[in-house]
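# Fold and contact review
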Amino acid sequence: MDWGALHTILGGVNKHSTSIGKIWLTVLFIFRIMILVVAAERVWGDEQDDFICNTLQPGCKNVCYDHFFPISHIRLWALQLIFVSTPALLVAMHVAYRRHEKKRQFRKGDQKCEFKDIEEIRKQRFRIEGSLWWTYTSSIFFRLVFEAIFMYAFYFMYNGFQMPRLMKCNAWPCPNTVDCFVSRPTEKTVFTIFMIAVSSICILLNVAELCYLLTKFFLRRSKKAGNPKHHPNHENKEETKQNEMNELISDSCQNTVIGFSN
Amino acid sequence: MSWGFLRDLLSGVNKYSTGIGRIWVAVVFILRLLVYIVAAENIWKYEHDEFECNIKQPGCENVCFDHFFPISHIRLWALQLIMVSTPSLLVIFHVAYRENREKHRNQKLYKSPGERDGGLLCTYLISLILKTVFEIVFLFLFYKLYNGFEVPRLVKCDIRPCPNTVDCYISKPTEKMIFLYFLVAASCLCIALNLSEFSYLIFKYSTKWYLKRYIKKRQ
């Protein structure tokens, strides 16, 4: 049970996302989770052991470390990734609920139900419209809010994104103002800036997806208002084809991710 | 044998749960189990090595650590996760028992073995009550053992062989406190979900029962 389990859970949501949503998911797994696991955790691995203060006073190092790092960068990123991934579950739950309703209709022998068997219902890809549109848009909104909150928390807690080499500490029981040295400050700064940059890219992707969904919504509304007779079958086929292409692209990306994590 | 087993167990339960039950499973997986494994475990990893006392007397640090942490936060957290997930086994056992019965007698005894009616409903309600009780017991244990959910920076210790009252410093107290509060918030959320699921089921089945009775009376 680890990040791989999150990947399995979110992989199911991928089917019902827009193309930008699929790109976002790929960026999340490759540039954030994978980098966190294979690189960043090693850099921060010895953070307390190699945090050295120029004093022999027992307890001074512990207290100074706690003062300057109330919560470690690594843990903050892990929490950020978990919180940012969870809104996608709203979409997964909504889709599961719709599937459940369709299965119930099918079992009752409802003639309105157009599926031939349960397998078709399981494999069906839902279009992002109606109540699913609202769920999907709210999930993107929450993602944006969580990203922004965590980035601000980071900036606020560490006074910017740079890791200093030297910190001066005079918390009790340190006898006077003591010099404390952080381990690997430059490497930590590099990774911090990298993670911030990727967070910003994810924020931009989310904003773009939100604009795309809103534009689609208003266009559809104006089409309905202007042209009441439209051809749902034709639109369905085009969307399904686009969805299939996107699925192929994202599946090949995800296979690469699985290969790396194994 | 590790947390993957718990994940498989909970996925099995998901099939027989209500909507709220599925939200509970998602909360336990993501906000509790995943956070425990990817973040919390590493904070408490070297807690004993990094626990430092202002004394050179051998044995003093060991004795003081043992006094202030009879059972580590992280182990209590793991025990809580395991205990809170196990009542769901009752439901799985009951469904397996029903399926076994049908197989032995070679006849259809139930509409569907996973259908939540009669005995299975009672089992489900009991599992909800047990889950809530375990959550509350562990939260109470946390509160009692550690005098609240705060982790102090400094603790004073004067147990033999420490020669006098000695200052001992806990490592990463603020980070530990943040994650403890997170644990408490997630537990309270799970308690709320369990209670609302319990009320929903009681309400749903009692209205069904009253309607049936009403229809019978009219007939």
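Residues numbered from 1 in each chain as written. Chains lettered and ligands numbered in written order. Predicted model: local features only at pLDDT ≥ 70, side-chain atom pairs only at ≥ 80, totals over all residues. Heavy atoms only, no water.

## Quick look at the overall build of chain A
Within chain A, the secondary structure is distributed over 9 helices and 3 strands. Secondary structure elements of chain A, listed N to C terminal, follow the sequence α-α-β-α-α-α-α-α-β-β-α-α. The 262 residues of chain A split such that 47% are buried. For chain A, contacts bridging at least 24 residues in sequence account for 77% of all contacts bridging at least 6. For chain A, the exposed surface amounts to about 14,300 Å²; the carbon and sulfur share of it is 61%. (Helix = DSSP H or I, 4+ residues; strand = E, 2+ residues; numbered from the N terminus. Buried < 20%, exposed > 50% of the residue type's maximum accessible area, 1.4 Å probe, protein only. Contact = heavy atoms within 4.5 Å. Areas by Shrake-Rupley, 256 points an atom, 1.4 Å probe, with all protein chains shown as cover.)

## A closer look at the sheet that holds strand β1 (residues 52-53) of chain A
All names here are of chain A. Spatial ordering of the open sheet is given by β1-β3-β2, a layout of 3 strands whose pairing is antiparallel. The sheet is open, and its two edges are formed by β1 and β2 (166-169), each paired on a single side. Where β2 lies against strand β3 (residues 178-181), 4 bridges are found, and the strand directions are antiparallel. For methionine 167, the partnering residue across the bridge sits in β3 and is cysteine 180. Relative to β2, helix α3 (residues 60-68) is tilted by about 110°, and along the sheet it contacts β1, β2 and β3. (Pairing = 2+ DSSP bridges. Axes fitted to C-alpha atoms, helices over the stretch in contact; angles between N-to-C directions.)

## Looking at a positive patch on the surface
Together, Lys111, Lys208, Lys212 and Lys216 of chain B give the surface a local cluster of positive charge. Along the chain, lysine 212 of chain B falls in helix α7 (residues 173-218). (Patch = residues over 30% accessible without salt bridge, like charges linked within 9 Å, V, L, I, M, F, W, Y side chains within 5 Å. Salt bridge = Lys/Arg side-chain N within 4 Å of Asp/Glu carboxyl O. Lys, Arg positive; Asp, Glu negative; His and termini not counted. Charge placed at Lys NZ, Arg CZ, Asp CG, Glu CD.)

## Brief notes about the state of the cysteines
Scanning the model with the defined rule gives 6 disulfides over all chains in all. Between the sulfur of cysteine 60 of chain A and that of cysteine 174 of chain A lies a disulfide, 1.9 Å long from S to S. When the S-S torsion is 100°, as for the bridge of cysteine 60 of chain A with cysteine 174 of chain A, the disulfide is right-handed. Taken together, the positions of cysteine 60 of chain A in helix α3 and cysteine 174 of chain A in the loop between β2 and β3 put the pair 114 residues apart, joining distant regions of the chain. Here cysteine 60 of chain B engages in a disulfide with cysteine 162 of chain B; their sulfurs sit 1.9 Å apart. Between cysteine 60 of chain B and cysteine 162 of chain B the sulfur-sulfur dihedral comes to about 105°; the bridge is accordingly right-handed. Separated by 102 residues along the polypeptide, cysteine 60 of chain B in helix α3 (residues 60-68) and cysteine 162 of chain B in the loop between β2 (154-157) and β3 (166-169) bring together distant segments of the chain. For chain B, the disulfide bridges join cysteines in the arrangement 1-6, 2-5, 3-4, where the cysteines are counted in sequence order. (Disulfide = S-S within 2.5 Å.)

## As for the pairing of β3 of chain A
All names here are of chain A. Side-chain alternation along β3 places Val178 and Cys180 on a buried face and Asp179 and Phe181 on a face that remains uncovered. The pairing of β1 with β3 spans 2 bridges and is antiparallel. Its bridge partner being in β3, isoleucine 52 is matched across the sheet by phenylalanine 181.

## Thoughts on the UniProt feature "transmembrane region" (unreviewed entry) in chain A
Per the UniProt record, the feature "transmembrane region" (unreviewed entry) sits at residues 23-40, 77-97, 132-158 and 191-214 of chain A. Between the first and last C-alpha atoms of residues 132-158 of chain A the distance is 39 Å; the span itself is 100% helix and 0% strand. (UniProt positions renumbered as here; feature names shortened; annotations may be inferred.)

## What about the UniProt feature "domain: Connexin cysteine-rich" (unreviewed entry) in chain A?
On the UniProt side, "domain: Connexin cysteine-rich" (unreviewed entry) is annotated at positions that read residues 146-213 of chain A here. When the span residues 146-213 of chain A is considered, its composition is 62% helix and 12% strand, and the gap between its end C-alpha atoms is 20 Å.

## What about the pattern of salt bridges?
For the coordinates displayed, the defined rule picks out 11 salt bridges over all chains. Residue arginine 75 of chain A is joined to glutamate 175 of chain B by a salt bridge in which the shortest nitrogen-to-oxygen separation is 2.8 Å. Here the residue arginine 75 of chain A occupies a position in helix α4 (residues 73-85), and glutamate 175 of chain B occupies one in helix α7, the pair thus bridging two chains. Classification of arginine 75 of chain A by relative accessible area gives buried; the value is 4%. Judged by relative accessible area, which is 1%, glutamate 175 of chain B ranks as buried. Lysine 168 of chain A serves as the salt-bridge partner of aspartate 179 of chain A, at 2.8 Å between the closest nitrogen and oxygen. Residue aspartate 179 of chain A is located in strand β3, and its partner lysine 168 of chain A is located in strand β2; the two are separated by 11 residues in the primary sequence. Overall, the relative accessible area of 22% leaves aspartate 179 of chain A in the partly exposed class.

## So, the interface of chain B and chain A
The partner chain A presents 31 residues to the 33 residues of chain B that form the contact. Joining chain B to chain A, the criterion identifies 2 salt bridges. Applying the counting criterion to the chain B and chain A interface returns 7 residue pairs in polar contact (both at pLDDT 80 or more). Where the side of chain B that touches chain A is concerned, the elements lending two or more residues are α1 (3-14), α2 (19-43), β1 (52-53), β3 and α7 of chain B. Per-element accounting of the side of chain B that touches chain A gives the leading share, 13 residues, to α2 of chain B. Classifying every residue of the side of chain B that touches chain A gives 21 nonpolar, 5 polar and 7 charged. (Polar contact = N/O pair within 3.5 Å; in protein donor to acceptor, adjacent residues only side chain to side chain. Nonpolar A, V, L, I, M, F, W, Y, C, P; charged D, E, K, R; others polar.)

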